[in-house]
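# Structure assessment
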Amino acid sequence: MDGELNWKTETGGDISASPVADDRGVYIASETTTEAAGAYSPRATGAIRALGNKSGVTLWMRTLQSPIRGVLASDGHAVYGGAADGRVYAIRKDTGQIVWVLEHSAPFLSHPVVSGNDLYIGSEDGTLFCINRETGQVRWRYRTRGSLRAPVAVVDQMVFVGSADRNVYAIRALDGRLRWRVRTGAAVQSVLPTLKGLVVTSLDNFVYALSPARGVRLWKRQLAGRVAGQPLAADDGALFAPLAGDECVVLDLRDGRKLNSLEVGEDNNTGASPIAVGSLLLVTTRQGLFAYGEWSETGTQGN
(Lines give C-alpha, C1' and ligand atoms only; values in the text may rest on other atoms or scores of the structure.)
Protein backbone atom coordinates (compact mmCIF):
# COMPACT_ATOMS: atom_id res chain seq x y z
CA MET A 1 0.00 0.00 0.00
CA ASP A 2 1.54 3.29 -1.12
CA GLY A 3 -1.33 5.77 -0.64
CA GLU A 4 -1.75 6.33 -4.38
CA LEU A 5 -5.25 7.33 -5.53
CA ASN A 6 -6.89 4.39 -7.32
CA TRP A 7 -10.16 6.01 -8.36
CA LYS A 8 -12.72 8.66 -7.54
CA THR A 9 -16.34 8.94 -8.57
CA GLU A 10 -19.33 11.25 -8.48
CA THR A 11 -22.16 10.17 -6.17
CA GLY A 12 -24.91 12.16 -7.86
CA GLY A 13 -25.50 14.25 -4.76
CA ASP A 14 -24.28 14.83 -1.22
CA ILE A 15 -23.33 11.80 0.85
CA SER A 16 -26.05 11.46 3.51
CA ALA A 17 -24.75 8.61 5.68
CA SER A 18 -21.43 6.98 6.55
CA PRO A 19 -20.73 4.28 3.93
CA VAL A 20 -19.82 0.63 4.44
CA ALA A 21 -17.59 -1.64 2.33
CA ASP A 22 -16.74 -5.30 1.84
CA ASP A 23 -14.91 -7.44 -0.70
CA ARG A 24 -17.76 -6.89 -3.18
CA GLY A 25 -17.86 -3.11 -3.16
CA VAL A 26 -18.51 0.18 -1.42
CA TYR A 27 -22.10 1.08 -0.49
CA ILE A 28 -22.94 4.79 -0.40
CA ALA A 29 -26.14 6.65 0.50
CA SER A 30 -26.67 10.10 -1.02
CA GLU A 31 -29.26 12.84 -1.34
CA THR A 32 -30.23 15.51 -3.84
CA THR A 33 -31.91 18.80 -2.95
CA THR A 34 -35.22 19.95 -4.36
CA GLU A 35 -35.10 22.65 -7.00
CA ALA A 36 -36.97 25.13 -4.82
CA ALA A 37 -35.87 25.09 -1.20
CA GLY A 38 -38.80 24.64 1.13
CA ALA A 39 -41.26 23.89 -1.66
CA TYR A 40 -43.18 20.63 -1.83
CA SER A 41 -41.74 18.19 -4.32
CA PRO A 42 -42.88 14.61 -4.93
CA ARG A 43 -39.47 13.83 -6.42
CA ALA A 44 -37.39 11.22 -4.62
CA THR A 45 -34.37 12.80 -2.93
CA GLY A 46 -32.48 9.74 -1.67
CA ALA A 47 -30.38 7.06 -3.29
CA ILE A 48 -28.09 4.18 -2.41
CA ARG A 49 -25.55 2.68 -4.78
CA ALA A 50 -22.87 0.02 -4.88
CA LEU A 51 -19.47 0.88 -6.34
CA GLY A 52 -16.85 -1.62 -7.43
CA ASN A 53 -14.07 -1.40 -4.86
CA LYS A 54 -11.35 -1.74 -7.50
CA SER A 55 -12.77 0.52 -10.20
CA GLY A 56 -15.33 2.81 -8.54
CA VAL A 57 -17.83 1.94 -11.29
CA THR A 58 -21.47 1.94 -10.19
CA LEU A 59 -22.68 -1.67 -10.01
CA TRP A 60 -26.27 -0.73 -9.17
CA MET A 61 -28.27 2.20 -7.84
CA ARG A 62 -31.59 2.30 -6.00
CA THR A 63 -33.64 5.51 -5.71
CA LEU A 64 -35.30 6.15 -2.32
CA GLN A 65 -38.05 8.59 -1.44
CA SER A 66 -35.93 10.22 1.29
CA PRO A 67 -32.21 9.98 2.05
CA ILE A 68 -30.75 7.54 4.55
CA ARG A 69 -29.23 9.34 7.53
CA GLY A 70 -26.60 8.43 10.09
CA VAL A 71 -24.66 5.27 9.28
CA LEU A 72 -25.17 2.29 6.98
CA ALA A 73 -24.87 -1.23 8.41
CA SER A 74 -24.41 -4.52 6.59
CA ASP A 75 -24.09 -8.27 6.86
CA GLY A 76 -23.14 -10.88 4.27
CA HIS A 77 -26.26 -10.33 2.18
CA ALA A 78 -27.81 -6.90 2.72
CA VAL A 79 -27.23 -3.24 3.55
CA TYR A 80 -29.43 -1.57 6.19
CA GLY A 81 -30.24 2.05 6.89
CA GLY A 82 -32.84 4.36 8.42
CA ALA A 83 -34.16 7.28 6.37
CA ALA A 84 -35.31 10.81 7.10
CA ASP A 85 -38.94 9.89 6.36
CA GLY A 86 -39.12 7.16 9.02
CA ARG A 87 -38.43 4.18 6.76
CA VAL A 88 -35.89 1.44 7.48
CA TYR A 89 -34.53 -0.39 4.44
CA ALA A 90 -32.89 -3.74 3.84
CA ILE A 91 -31.29 -3.81 0.39
CA ARG A 92 -29.58 -6.75 -1.30
CA LYS A 93 -25.88 -6.22 -1.84
CA ASP A 94 -25.66 -8.09 -5.14
CA THR A 95 -28.61 -6.55 -7.01
CA GLY A 96 -29.84 -3.48 -5.10
CA GLN A 97 -33.27 -5.07 -4.70
CA ILE A 98 -35.22 -3.89 -1.66
CA VAL A 99 -35.78 -6.93 0.58
CA TRP A 100 -38.12 -5.22 3.06
CA VAL A 101 -39.17 -1.80 4.31
CA LEU A 102 -40.27 -0.85 7.84
CA GLU A 103 -42.29 2.36 8.21
CA HIS A 104 -42.20 4.45 11.38
CA SER A 105 -43.71 7.83 12.29
CA ALA A 106 -40.40 9.49 13.23
CA PRO A 107 -37.17 9.97 11.25
CA PHE A 108 -33.93 8.08 11.76
CA LEU A 109 -30.46 9.54 12.24
CA SER A 110 -28.76 6.58 13.82
CA HIS A 111 -26.19 3.82 13.69
CA PRO A 112 -27.89 0.45 13.05
CA VAL A 113 -26.28 -2.64 14.55
CA VAL A 114 -26.51 -6.22 13.27
CA SER A 115 -26.29 -8.91 15.95
CA GLY A 116 -27.15 -12.51 15.18
CA ASN A 117 -30.48 -12.60 13.36
CA ASP A 118 -31.48 -9.16 14.59
CA LEU A 119 -31.08 -5.56 13.49
CA TYR A 120 -31.17 -2.86 16.17
CA ILE A 121 -31.94 0.71 15.17
CA GLY A 122 -33.07 3.78 17.13
CA SER A 123 -35.27 6.66 15.98
CA GLU A 124 -35.45 10.38 16.69
CA ASP A 125 -38.53 9.89 18.91
CA GLY A 126 -36.56 7.54 21.17
CA THR A 127 -37.87 4.19 19.93
CA LEU A 128 -35.44 1.29 19.81
CA PHE A 129 -36.44 -1.41 17.33
CA CYS A 130 -35.32 -5.03 17.35
CA ILE A 131 -36.04 -6.30 13.84
CA ASN A 132 -35.60 -9.72 12.25
CA ARG A 133 -33.03 -8.77 9.63
CA GLU A 134 -34.25 -11.36 7.12
CA THR A 135 -37.99 -10.64 7.21
CA GLY A 136 -38.24 -7.08 8.54
CA GLN A 137 -40.65 -8.20 11.26
CA VAL A 138 -40.40 -6.22 14.49
CA ARG A 139 -39.57 -8.57 17.36
CA TRP A 140 -39.99 -5.83 19.98
CA ARG A 141 -39.67 -2.11 20.48
CA TYR A 142 -38.77 -0.04 23.54
CA ARG A 143 -39.51 3.67 23.92
CA THR A 144 -37.14 6.07 25.67
CA ARG A 145 -37.68 9.82 26.07
CA GLY A 146 -34.90 11.09 23.85
CA SER A 147 -33.42 10.52 20.40
CA LEU A 148 -31.29 7.42 19.79
CA ARG A 149 -28.35 8.04 17.48
CA ALA A 150 -25.41 6.02 18.79
CA PRO A 151 -24.97 2.27 18.18
CA VAL A 152 -26.31 -0.12 20.79
CA ALA A 153 -24.03 -2.60 22.59
CA VAL A 154 -25.20 -6.22 22.65
CA VAL A 155 -23.53 -8.35 25.35
CA ASP A 156 -24.66 -11.67 26.87
CA GLN A 157 -28.29 -11.40 25.70
CA MET A 158 -28.53 -7.81 26.93
CA VAL A 159 -28.90 -4.67 24.81
CA PHE A 160 -27.39 -1.46 26.20
CA VAL A 161 -28.42 1.86 24.68
CA GLY A 162 -27.81 5.50 25.54
CA SER A 163 -30.49 8.13 24.98
CA ALA A 164 -30.61 11.91 24.69
CA ASP A 165 -32.87 11.77 27.77
CA ARG A 166 -29.64 11.33 29.85
CA ASN A 167 -30.23 7.66 30.60
CA VAL A 168 -28.47 4.41 29.82
CA TYR A 169 -30.89 1.50 29.40
CA ALA A 170 -30.24 -2.22 29.81
CA ILE A 171 -32.89 -4.18 27.87
CA ARG A 172 -33.30 -7.94 27.52
CA ALA A 173 -32.55 -9.02 23.95
CA LEU A 174 -35.08 -11.85 24.23
CA ASP A 175 -38.24 -9.82 24.84
CA GLY A 176 -37.36 -6.11 25.09
CA ARG A 177 -38.04 -5.87 28.84
CA LEU A 178 -36.12 -3.28 30.85
CA ARG A 179 -33.54 -4.70 33.28
CA TRP A 180 -32.20 -1.40 34.64
CA ARG A 181 -31.86 2.29 33.84
CA VAL A 182 -29.15 4.69 35.05
CA ARG A 183 -29.16 8.46 34.70
CA THR A 184 -26.08 10.45 33.69
CA GLY A 185 -25.47 14.18 33.77
CA ALA A 186 -26.41 14.92 30.15
CA ALA A 187 -27.42 13.34 26.85
CA VAL A 188 -25.57 10.07 26.31
CA GLN A 189 -23.19 10.00 23.35
CA SER A 190 -21.98 6.39 23.39
CA VAL A 191 -22.12 3.11 25.28
CA LEU A 192 -19.10 0.89 24.74
CA PRO A 193 -18.73 -2.65 26.14
CA THR A 194 -15.27 -3.50 27.51
CA LEU A 195 -13.73 -6.31 29.55
CA LYS A 196 -14.03 -4.11 32.66
CA GLY A 197 -17.65 -2.97 32.17
CA LEU A 198 -19.65 -0.45 30.14
CA VAL A 199 -17.91 2.80 29.21
CA VAL A 200 -20.37 5.66 28.72
CA THR A 201 -19.72 9.18 27.39
CA SER A 202 -22.17 12.05 27.72
CA LEU A 203 -22.49 15.75 26.87
CA ASP A 204 -21.51 16.81 30.41
CA ASN A 205 -17.87 15.99 29.44
CA PHE A 206 -17.80 12.98 31.78
CA VAL A 207 -16.86 9.37 31.16
CA TYR A 208 -18.76 6.84 33.27
CA ALA A 209 -18.00 3.17 33.89
CA LEU A 210 -21.04 1.04 34.74
CA SER A 211 -21.55 -2.55 35.82
CA PRO A 212 -23.43 -4.43 33.06
CA ALA A 213 -25.29 -6.57 35.59
CA ARG A 214 -26.96 -3.83 37.64
CA GLY A 215 -25.84 -0.50 36.23
CA VAL A 216 -23.82 0.37 39.36
CA ARG A 217 -21.39 3.22 38.70
CA LEU A 218 -17.81 1.98 39.05
CA TRP A 219 -16.12 5.33 38.43
CA LYS A 220 -16.47 8.58 36.51
CA ARG A 221 -13.95 11.07 35.18
CA GLN A 222 -14.29 14.54 33.65
CA LEU A 223 -12.47 15.30 30.41
CA ALA A 224 -11.48 18.63 28.86
CA GLY A 225 -14.50 18.55 26.53
CA ARG A 226 -17.27 16.33 25.25
CA VAL A 227 -16.40 13.23 23.25
CA ALA A 228 -18.37 13.19 19.99
CA GLY A 229 -16.86 10.04 18.47
CA GLN A 230 -16.85 6.48 19.73
CA PRO A 231 -14.00 5.74 22.16
CA LEU A 232 -11.51 3.04 21.21
CA ALA A 233 -11.19 0.29 23.82
CA ALA A 234 -8.41 -2.23 24.42
CA ASP A 235 -8.07 -4.78 27.22
CA ASP A 236 -7.13 -2.40 30.03
CA GLY A 237 -7.52 1.09 28.59
CA ALA A 238 -9.74 3.23 26.35
CA LEU A 239 -8.80 6.15 24.13
CA PHE A 240 -10.98 9.30 24.10
CA ALA A 241 -10.75 12.31 21.78
CA PRO A 242 -12.40 15.28 23.57
CA LEU A 243 -13.30 18.27 21.39
CA ALA A 244 -11.52 20.68 23.77
CA GLY A 245 -7.91 20.61 24.91
CA ASP A 246 -4.83 19.52 23.01
CA GLU A 247 -4.69 15.76 23.47
CA CYS A 248 -6.39 12.41 23.19
CA VAL A 249 -6.53 10.64 26.55
CA VAL A 250 -6.14 6.97 27.47
CA LEU A 251 -7.98 6.07 30.69
CA ASP A 252 -7.49 2.96 32.80
CA LEU A 253 -10.68 0.89 32.56
CA ARG A 254 -10.32 -0.30 36.15
CA ASP A 255 -10.44 3.07 37.91
CA GLY A 256 -10.56 5.85 35.29
CA ARG A 257 -7.11 7.24 35.99
CA LYS A 258 -5.08 8.65 33.10
CA LEU A 259 -2.67 6.12 31.58
CA ASN A 260 -1.38 7.98 28.56
CA SER A 261 -2.07 10.85 26.16
CA LEU A 262 -1.50 11.75 22.52
CA GLU A 263 -0.68 15.36 21.74
CA VAL A 264 -2.68 16.57 18.72
CA GLY A 265 -2.62 20.36 19.11
CA GLU A 266 -4.97 22.88 20.72
CA ASP A 267 -8.66 22.17 19.90
CA ASN A 268 -7.55 19.95 17.02
CA ASN A 269 -9.73 16.89 17.72
CA THR A 270 -12.83 16.22 15.62
CA GLY A 271 -15.99 14.17 16.02
CA ALA A 272 -14.42 11.28 14.11
CA SER A 273 -13.73 8.11 16.07
CA PRO A 274 -10.11 6.90 16.42
CA ILE A 275 -9.37 3.64 14.59
CA ALA A 276 -6.89 0.85 15.29
CA VAL A 277 -5.64 -1.21 12.34
CA GLY A 278 -3.31 -3.89 13.62
CA SER A 279 -0.74 -2.05 15.73
CA LEU A 280 -1.39 1.25 13.93
CA LEU A 281 -3.57 3.94 15.55
CA LEU A 282 -5.29 6.48 13.27
CA VAL A 283 -6.67 9.74 14.68
CA THR A 284 -8.55 12.24 12.49
CA THR A 285 -7.82 15.87 13.42
CA ARG A 286 -8.65 19.28 11.96
CA GLN A 287 -5.14 19.37 10.50
CA GLY A 288 -5.32 15.95 8.90
CA LEU A 289 -4.92 12.27 9.70
CA PHE A 290 -2.39 11.38 12.40
CA ALA A 291 -0.91 7.87 12.53
CA TYR A 292 0.69 6.47 15.66
CA GLY A 293 2.58 3.21 16.00
CA GLU A 294 2.50 0.39 18.55
CA TRP A 295 -1.13 0.64 19.68
CA SER A 296 -1.37 -2.39 21.98
CA GLU A 297 -4.12 -4.47 23.56
CA THR A 298 -3.52 -2.63 26.83
CA GLY A 299 -4.32 0.72 25.24
CA THR A 300 -0.78 2.08 25.51
CA GLN A 301 1.07 3.66 22.61
CA GLY A 302 4.63 3.99 21.47
CA ASN A 303 6.22 6.24 18.86
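Keep in mind that this is a model prediction, so the values were computed, not measured. (Residues numbered from 1 in each chain as written. Predicted model: local features only at pLDDT ≥ 70, side-chain atom pairs only at ≥ 80, totals over all residues. Heavy atoms only, no water.)

## Details of the environment of A213
Rule in force here: The helix and strand labels rest on DSSP assignments: H or I over at least four residues marks a helix, E over at least two residues marks a strand, and numbering proceeds from the N terminus. Working definition: with a 1.4 Å probe on protein chains only, accessible area under 20% of the residue-type maximum means buried, over 50% means exposed, and in between means partly exposed. When checking whether two residues touch, look at their non-hydrogen atoms; a contact exists if any pair is within 4.5 Å.
Its place among the elements puts A213 in the loop between β21 (206–210) and β22 (217–222). Its relative accessible area of 53% is what places A213 among the exposed residues. C-alpha of A213 to C-alpha of R172: the two residues are 41 residues apart in sequence and 11 Å apart in space. Not counting residues within four places of it along the chain, the set of residues in contact with A213 comprises R179 and W180.

## Overview of the sheet that holds strand β19 (residues 188–194)
Here is the rule we go by: Two strands pair under a simple rule: DSSP has to find at least two bridges between them. Axis definition: a line fit to C-alpha positions, over the contact stretch in the case of helices; interaxial angles, taken between N-to-C directions, run 0 to 180 degrees.
Within the open sheet, the 4 strands sit side by side as β19-β20-β21-β22. Their pairing is antiparallel. Each having just a single partner strand, β19 and β22 make up the two edges of the open sheet. When the angles between neighbouring strand axes are averaged without regard to direction, this sheet yields 15°. The pairing of β19 with strand β20 (residues 197–202) spans 6 bridges and is antiparallel. In the strand pairing of β20, T194 is matched with G197.

## Remarks on the pairing of β20
Extensive coverage of β20 is indicated by the burial of 6 of its 6 residues. Two successive antiparallel strands, β19 and β20, enclose a turn made up of 2 residues. Counting the residues between successive antiparallel strands, the hairpin from β20 to β21 contains 3 residues, one of them, N205, with a positive phi of roughly 75°.

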